[in-house]
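# Observations on the model geometry
So the chains spell out like this:
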Amino acid sequence: MTDWIPFGLVRDFAAEKTDAYRLCMRSDGWVERYGADALISYKTETAGDQLACELGEWSRLAHEPFARVFGRFLPRQNSERHAPRIISGDARLPLDRTVLERGVSYAVDFGAGYSVGLFLDQRENRQFVRRSAPRRLLNCFAYTCSFSVVAALAGGATLSIDLSRKSLERGRDNLLLNDVASDQHRFIADDVLRVLPRLARKGETFDCIILDPPTFSRSRTGKAWQVEHDFEDLLLAALEVATRDARILLSTNCTRLDERALEVMARYCLKATRRAGKFQPAMRLPDFPHGEGARSLWVLLR
Ligand SMILES: C[S@@+](CC[C@H](N)C(=O)[O-])C[C@H]1O[C@@H](n2cnc3c(N)ncnc32)[C@H](O)[C@@H]1O
């Protein structure tokens, strides 16, 4: 069971009130815990069966029983992505549940689609936002607004932008779940690339900006977006609404972009806009092997 997280780490997570984390990571799949449920993500049926078998053994040795186990196939094409299916446990139970991360509640839903609602590899970046307590957070590609939740808990106002109205509704529910919903928190269901220039024209500024775009997307007008080619333009547009001392998160799941490439791009954008700043890599996650999970870089303007 060498690829599985040590029991000591499970106790550390429990002590800090976190019950959503990665249990095992392999080249052909991984297993994640979401409260009392587990999710197996696999590239082949054989890998899925092997991980399910080892999960049973790990759960017995760790004295951590799971109510349900879900499985999800990891396809090469986004168009072939499907919601997880239940492998074991009571199929009549509701598919949504609440999980905790450092005492903060997030709703996850195994029936909502391929992604359940919380990206575990952003845990340390969420903590960075909470600790830095921004006055005004701009959460681009907000999904279920987890970054807005932590900024709101730290007392900041937030603006969350996502193409998906449904994801933003889930974000609003996440704020309610943590008793921080108020008129300080705005949501815009539109293309980030259209909204950023509008915000700049209105003179809006933000001291923390989250840029965690998908690898590939298509806007409502059909225009294609590709992170390798378009991240630079996105950062340039974000700099137009950044305060002098803003913190900007650059994050991507694209395996062809690493932290070094993000820094080269950020240096170019700062030079082009005559801004000064330094760079800080994201904190390492104890449940993700080195090099796994999203690649992230914080740009700290000054
Ligand atoms: C990788 S997820 C972001 C995850 C989020 N940062 C988090 O940590 O929970 C990408 C999100 O971008 C949204 N999206 C894709 N293209 C977009 C666009 N052009 N403008 C706004 N949102 C977009 C998708 O709907 C999806 O919710």
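Not measured: the values here are computed from a predicted model.

Let us now look at the pairing of strand E6 (residues 96–101). One ladder, built from 6 bridges, connects E6 with strand E7 (residues 104–109); its direction is antiparallel. Among the inter-strand pairings, Asp96 is bridged to a residue of E7, identified as Asp109. The loop that links E6 with its antiparallel partner E7 comprises 2 residues; one of these, Arg102, has a positive phi angle of about 50 degrees.

The subject of this paragraph is the pairing of strand E14 (residues 242–252). In terms of burial, E14 is a largely internal element, 8 of the 11 residues being buried. Of the strand pairs in this sheet, strand E11 (residues 206–211) and E14 are connected by 5 bridges, and their pairing is parallel. In the strand pairing of E14, Phe206 is matched with Ala242. Direction of pairing for E14 relative to strand E16 (residues 295–301): antiparallel, over a ladder of 6 bridges.

What follows deals with the domain arrangement of the protein. When cut into domains, the protein gives domain 1 (7–95) and domain 2 (120–301). Taking only C-alpha atoms, the centre of domain 1 and the centre of domain 2 are 28 Å apart. On the domain 2 side, the residues contacting the 6 residues of domain 1 number 6 residues. Broken down by element, the residue count for the side of domain 1 that touches domain 2 peaks at 4 residues, all from strand E1 (residues 20–26). When the residues that make up the side of domain 1 that touches domain 2 are grouped by side-chain class, the tally is 4 nonpolar, no polar and 2 charged.

This brings us to the packing of helix H7 (residues 227–239) against helix H8 (residues 259–272). Where H7 contacts H8, the axes come no closer than 10 Å and their chain directions differ by 45 degrees. Between H7 and H8, the interaxial angle falls into the category oblique. Crossing handedness for the pair H7 and H8: right-handed. Residues Phe231, Glu232, Leu235, Leu236 and Leu239 of H7 touch H8, and the partners they reach there are Met265, Ala266, Tyr268, Cys269 and Ala272. Split into classes, the residues belonging to the contact of H7 with H8 amount to 9 nonpolar, no polar and 1 charged.

About the thresholds
- Residues numbered from 1 in each chain as written.
- Predicted model: local features only at pLDDT ≥ 70, side-chain atom pairs only at ≥ 80, totals over all residues.
- Pairing = 2+ DSSP bridges.
- Helix = DSSP H or I, 4+ residues; strand = E, 2+ residues; numbered from the N terminus.
- Buried ≥ 20, exposed ≤ 12 C-beta atoms within 10 Å, placed from the backbone.
- Domains from an automatic or database assignment.
- Contact = placed C-beta atoms within 7 Å.
- Nonpolar A, V, L, I, M, F, W, Y, C, P; charged D, E, K, R; others polar.
- Axes fitted to C-alpha atoms, helices over the stretch in contact; angles between N-to-C directions.
- Parallel < 35°, antiparallel > 145°, perpendicular 65-115°, else oblique.
- Left-handed = near helix turned anticlockwise from the far one by under 90°.

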